[in-house]
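Coordinates in review
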Amino acid sequence: ATTVATDPCAWSASRAAAAHVLVDDFVFDAIFIAIMFVSTGIGEGYYLRQIWNQCRKDYVPAVKTMWKTSFVLMPLEFCLFRFLPLSLRVLGMNFIEILWDA
């Protein structure tokens, strides 16, 4: 019988899931925050100069805070990306986000 420790496919799937979680939490979250700052500023009627100044002041602290809170969900995200089939991952992540935001 093959175990996770000796099965190369299991290690490959685990590395892929870990990479997915890291890219999702550290790259896409930073992009999401930038989009949120710009879209919220436009929606509130600010000029681009005002939005830029707000981003310069608050972007880095907001990203750092999001990264800190992401550490709480990383193990759960890893399990979702590693063990759920592709067709259920979005549903699983949405469920976790609803619980997290509630």
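As a starting point, this report considers the structure included with it.

Moving on: the overall build of the chain. Looking only at helices and strands, one finds 3 helices and 0 strands in the chain. For the chain, the succession of helices and strands along the chain, N to C, is α-α-α. Of all 102 residues assigned to the chain, the portion counted as buried reaches 22%. The contacts in the chain between residues at least 6 apart in sequence include a share of 64% that link residues at least 24 apart. Per element, the accessible surface of the chain, about 7500 Å² overall, is 71% carbon and sulfur.

This next bit is on the nonpolar core. Ranked by size, the top nonpolar core spans 8 residues in total: Ala-17, Val-21, Leu-73, Met-74, Leu-80, Phe-81, Met-93 and Ile-96. Listed by contribution, the elements that provide at least two residues to this core are helix H1 (8–43), helix H2 (48–83) and helix H3 (86–101). Per element, the largest residue contribution to this core is 4 residues, and it comes from H2. Apart from residues lying up to four places away in sequence, Met-93 is in contact with Glu-77, Leu-80 and Phe-81. Formed by 6 residues, the second largest nonpolar core is a distinct cluster that contains Ala-30, Ile-33, Phe-37 and Ile-51.

The grouping of Val-23, Val-27, Phe-28, Ile-31 and Ile-35 at the surface amounts to a nonpolar patch, some 430 Å² of accessible area in total. Residue position: Val-23 is located in helix H1.

Looking now at H2. Between its first and last C-alpha atoms H2 spans 44 Å; for 36 residues at 1.5 Å apiece the expected length is 52 Å, and the helix comes up short by more than 12%. At Leu-73, H2 is bent by approximately 50°, the largest bend along its length, and proline Pro-75 sits one to four residues beyond. Those residues of H2 that sit buried are Ile-51, Cys-55, Val-63, Ser-70, Leu-73, Met-74, Glu-77, Leu-80 and Phe-81.

Looking at the secondary structure, you find Asp-29 in helix H1. We note that Asp-29 is buried and unpaired, the nearest opposite charge coming from Lys-68 at a distance of 14 Å. Ignoring any residue separated from it by four or fewer positions in sequence, one finds Asp-29 in contact with Asp-24, Met-66 and Ser-70.

One way to put it is that H2 packs onto H3 with a least axis distance of 10 Å and a crossing angle of 155°. Taken as axis vectors, H2 and H3 run roughly antiparallel relative to one another. Judged by the twist between their axes, the crossing of H2 over H3 is right-handed. Judged by residue contacts, Thr-69, Val-72, Leu-73, Leu-76, Glu-77, Leu-80 and Phe-81 of H2 engage Arg-89, Gly-92, Met-93, Ile-96, Glu-97 and Trp-100 from H3. Residue composition of the contact of H2 with H3, grouped by class: 8 nonpolar, 2 polar and 3 charged.

Scoring rules and cut-offs
- Residues numbered from 1 in each chain as written.
- Predicted model: local features only at pLDDT ≥ 70, side-chain atom pairs only at ≥ 80, totals over all residues.
- Heavy atoms only, no water.
- Helix = DSSP H or I, 4+ residues; strand = E, 2+ residues; numbered from the N terminus.
- Buried < 20%, exposed > 50% of the residue type's maximum accessible area, 1.4 Å probe, protein only.
- Contact = heavy atoms within 4.5 Å.
- Areas by Shrake-Rupley, 256 points an atom, 1.4 Å probe, with all protein chains shown as cover.
- Core = buried A, V, L, I, M, F, W, Y, C linked by side-chain atoms within 4.5 Å.
- Patch = residues over 30% accessible without salt bridge, like charges linked within 9 Å, V, L, I, M, F, W, Y side chains within 5 Å.
- Salt bridge = Lys/Arg side-chain N within 4 Å of Asp/Glu carboxyl O.
- Expected span 1.5 Å × (residues − 1).
- Bend = angle between axes of the 7 residues up to and from the residue.
- Lys, Arg positive; Asp, Glu negative; His and termini not counted.
- Axes fitted to C-alpha atoms, helices over the stretch in contact; angles between N-to-C directions.
- Parallel < 35°, antiparallel > 145°, perpendicular 65-115°, else oblique.
- Left-handed = near helix turned anticlockwise from the far one by under 90°.
- Nonpolar A, V, L, I, M, F, W, Y, C, P; charged D, E, K, R; others polar.

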